[in-house]
Structures are given as structure tokens and as C-alpha cells.
Amino acid sequence: MKKLLLVLAIMASAAAFSAHGEASAEAAEPAVSEPAEAAVLLDRVGAVVKTYHLDEKVTVTEEKDGYCLLSDGCLVERWLIRLESEKDPEERTAYAKSGGETPLYDNPYLEGKPIRMLKADQTLSVKDEFGQVLRVLVEENGDSKETAGYLAAGETRSTAGYGFDYGGAYSGGGGSIDGGEISLTGYTVNERKDGFILLASTTESGKNSAKERPARILAENTEGYACVFRRGDEVRVTEKGKEVSVLLLDDGTTAEVPTKLLFFKGDKTYKPWTGHARAGTVFWRNWRTHLEKGESLEINTELQIIGSFGDFLIAEKKNHTVGLVRTEQVSEKPVSVADYSGGDYSGSGGGDTWTPPAL
């Protein structure tokens, strides 16, 4: 009898363990959810799949619209690459501008938290310059320690106390990608088109061998893109973060883009309106406006305002080019040229009134 009871107890324990194991396995299995639908707000938004290191050797197989296609299948902005055949700029000394502190960053996009703030007239050893950015070394209190980083060329002077230096050993390939007649004033599912070039288009071996050129990366934390999106491209978001969202691409790989560049299904739509450029209005194609000089618009250039982006309005020109303009530089009514003296923008708006559009 005792043996029978022991056998029954063992069997009951095994059954309980098995049930517990199944329950644990079910609890551990992640819930499967469908990717969220979203669309890209602006042109020239790269889907980041990797980052490169300073001086990393790469091979350029093709150049297109301000980007380099590399042999590893990634796209990198042209201004962040120097071909082996191109000369390096000479090293020089510069000084942080006076009138306040200047931020020094660990990346060429001058984003995130600065690694330190430079004092006015801080001596800088400029090791390289590209686009609107300088790579510098900063001495620490006159001793042998140095901090390396990146800052805007416009934040420096060639001589302590006066004289601005805008750098620019290589300004990049430039170019543009027309955004088409796509409007996100209402959410619609557009035909997918993952930017102008995809990883899949680089898999035909041998065809680019004659164009291959050795080069190197000019900055730490340089972004490598699987593709470059245009405004209105539909994307699938598997993880929506406060700063960065994860996308699922058509080939099954994942990539990251800043969440602020995405318009999610169900977001409040924007009521479009017609605006007019004030004197001094600048139009940027790059959503990182601080890395681009931008295009100066003539006063009263007509713009279709189709969205907002931080301190900027998303504007579409008559040729359907989509970009950004500062909110205060656009008027609802045509601006009277007589209200400006010598074409200088006084900031008052020349007598016309501006009210924010209704959403």
C-alpha cells in the first residue's frame, strides 16, 4: 500500500511539474503583434542599419544624389566619405566663438548630449573639415590630455576674438530627390517604395567592379543606411521608441529611424494652407537643417504648407520639392515689399498678420 501511495505521489508531482513547465513556456513566449503602420514625414530619411568608425576603410561602388553606395550594400552621405584620390585639408588652429559656450559632440550630426562645452576663444586643433562640420582636438587645461569631437564650422573663428571660419573641405555631392505629389494631410496607404535604392539592387555581383574606388569614413558614428526614404513612403514599425523606432524592411531585416520623422496611422492630420515667404526665408531639403546651408527663397514665393516639424513647417514648392522653412518666416498673406528696408527682414512681418493654421 505504501509503495502504491509513493508511486501515485510521484506521478502527481510529475504531472504538476509538467503543467508548470507548459505554463512557464507559454508565459515566456512573447506576444506576437502586427507591425504598426506609419509613413515618412520628410525626404532624405535614412534607414540606419549600422554605424562606421573614423578612418574605416570602405569601397565606393556608385554615387547618387549625394550618397555613396558601398560594397557592403549600405548607403552613406557623400560628405562623410573621402575617396583615396582626394586630398586631406591641412590641419590648422581655430578658436571657439566668443559670446557663450560652444557644444562639442561625439558624432558628425551634432546631435545628442554634448561631450563638453567649449569656453569662448578655446583653442582648437582642426584635424579635418567636411560639409559644415569640423573634427577637432581640444587641449585639457594645457596638459597632454586632449578631447576629440565634432562641432559646427560656423561656431569657430580663425583668429581669437573675431573672424568666422565656415570650413568645408568637401561640401558633399548635394543633389535632391523629388518628393512627388504626396500629402500626409490625411493618412492613406501608399504603394511601397523603399527610397530610391535598395540593398536588393546591389546583389548583382561583378557589375560595379569597374567603378569601385577605395575610400575612408571621415567621422566616428557615421550612419550606414539600408535605403533612403522619401516623404509618403509607407513603413512598418515593430517598436516605437521615444527617440528611435525600429522598422521591418521588405527583405526581413530591421532598421532604425528617429520616431519624430514618422506619421502613425491615427495621428492627428494637418490642415494644409498656402503660405508666402517673407524676406530672408531659407528652404532646407535636409531634415538636419544645421548641416545644410539651405536655399534662399525670393520674397512672396508661394509655398503649400502641408505639415509641421518642431520649430519648422513642412513646405512644398510649386515644383513639388518638399522641405522645411522656419515657422516665423512664412506669412498667410502676400508680404508688401515696401515694408522691408533694403530687403532685410526686421522680424516684425511687415504689417501682415500670421495665425497658426487649425489642425
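Residues numbered from 1 in each chain as written. Predicted model: local features only at pLDDT ≥ 70, side-chain atom pairs only at ≥ 80, totals over all residues. Heavy atoms only, no water.

**Q** I'd like a description of the sheet that holds strand 24 (residues 302–309), backed by residues and values.
**A** The 5 strands are arranged 26-25-24-21-27 in an open sheet whose pairing can be described as antiparallel. Of all the strands in the sheet, the pair left with one neighbour each is strand 26 (322–326) and strand 27 (330–331). Pairing between strand 25 (residues 312–316) and strand 26: 5 bridges, direction antiparallel. Looking across to strand 26, one finds that Leu-313 is bridged to Val-325. (Pairing = 2+ DSSP bridges. Helix = DSSP H or I, 4+ residues; strand = E, 2+ residues; numbered from the N terminus.)

**Q** How would you summarise the pattern of salt bridges if you had to cite specific residues and measurements?
**A** Under the definition given, this model contains 18 salt bridges. Lys-265 is paired through a salt bridge with Glu-37; the nearest N and O atoms lie 3.8 Å apart. Of this pair, Lys-265 sits in the loop between strand 20 (262–264) and strand 21 (273–277) while Glu-37 sits in strand 1 (residues 36–40), and the two are 228 residues apart along the sequence. Its relative accessible area of 54% is what places Lys-265 among the exposed residues. The class of Glu-37 is partly exposed, set by a relative accessible area of 31%. The closest approach of N and O atoms between Arg-288 and Glu-223, which form a salt bridge, is 3.0 Å. Taken together, the residues Arg-288 in the loop between strand 22 (282–283) and strand 23 (295–296) and Glu-223 in strand 16 (residues 222–229) connect sequence positions 65 residues apart. Here Arg-288 matches Glu-223 in class, with each residue buried. When salt bridges that share partners are traced, they join Asp-55, Arg-82, Asp-88, Asp-128 and Arg-216 into one network. (Salt bridge = Lys/Arg side-chain N within 4 Å of Asp/Glu carboxyl O. Buried < 20%, exposed > 50% of the residue type's maximum accessible area, 1.4 Å probe, protein only.)

**Q** Requested: an account of unusual backbone geometry, with residues and values cited.
**A** Comment: phi is negative for the bulk of residues other than glycine, and the bulk of peptide bonds are trans. Residues other than glycine seldom take positive phi values, yet Asp-121 does so here, at roughly 65°. Looking at where Asp-121 falls in the secondary structure, it is placed in the loop between strand 9 (116–118) and strand 10 (123–130). Phi at Asn-300 takes a positive value of approximately 70°, unusual for a residue other than glycine. With respect to the element layout, Asn-300 can be found in the loop between strand 23 and strand 24.

**Q** Please give an account of the confidence of the model for the protein that cites residues and values.
**A** For the protein, the average pLDDT comes to 78, and 69% of its residues sit at 70 or higher. Overall, residues 1–32 carries pLDDT values under 50, and its contacts beyond four positions in sequence, including any with other chains, amount to 0 contacts. In the model, residues 163–209 has pLDDT below 50 throughout and makes 121 contacts with residues more than four positions away in sequence or in other chains. (pLDDT = per-residue confidence, 0-100. Contact = heavy atoms within 4.5 Å.)

**Q** Can you lay out the environment of Glu-292 for me, pointing to particular residues and giving the numbers?
**A** Tracing the backbone through its elements, the reader meets Glu-292 in the loop between strand 22 and strand 23. Note: C-alpha distance between Glu-292 and Gly-131 (161 residues apart in sequence) is 8.0 Å. If we skip the residues at most four places from it in the chain, Glu-292 touches Gln-132, Trp-284, Arg-285 and Asn-286. Side-chain polar atoms of Glu-292 contact the backbone nitrogen of Asn-286, separated by 2.7 Å. (Polar contact = N/O pair within 3.5 Å; in protein donor to acceptor, adjacent residues only side chain to side chain.)

**Q** Quick rundown of the packing of aromatic side chains? Include the residues and the values.
**A** The final tally for this structure, using the stated rule, is 3 aromatic pairs. Geometrically, the ring pair formed by Trp-79 and Phe-130 is tilted, given 6.1 Å between the ring centres and 35° between the ring planes. On the criterion of sequence distance, the pair formed by Trp-79 in the loop between strand 5 (75–77) and strand 6 (81–83) and Phe-130 in strand 10 is long-range, its members being 51 residues apart. Relative to Phe-312, the ring of Trp-284 has its centre 5.7 Å away and its plane inclined at 85°; by these criteria the two rings are edge-to-face. Highlighted residues: Trp-284 in the loop between strand 22 and strand 23 and Phe-312 in strand 25, separated in sequence by 28 residues. As far as the burial class goes, Trp-284 and Phe-312 line up, both buried. Joined through ring pairs, the aromatic side chains of Trp-79, Tyr-109 and Phe-130 make up one cluster. Taking the ring centre of Phe-264 as reference, the NZ or CZ of Lys-240 above it sits at 4.2 Å. Residue placement shows Lys-317 over the ring face of Phe-283; its charged tip is 4.8 Å from the ring centre. (Phe/Tyr/Trp six-rings, centres within 6.5 Å; stacked < 30°, edge-to-face > 60°. Lys NZ or Arg CZ within 6 Å of the ring centre and 35° of its normal.)

**Q** Describe the side chain of Thr-281, naming the residues involved and giving the relevant values.
**A** For Thr-281, the position within the fold is in the loop between strand 21 and strand 22. By relative accessible area, Thr-281 is classed as buried at 0%. Of the polar contacts made by the side chain of Thr-281, one reaches the backbone oxygen of Gln-329; its length is 3.0 Å. Non-local contacts of Thr-281, meaning those with residues more than four positions away in its chain, are made with Glu-295, Ser-296, Leu-297, Val-325 and Gln-329.

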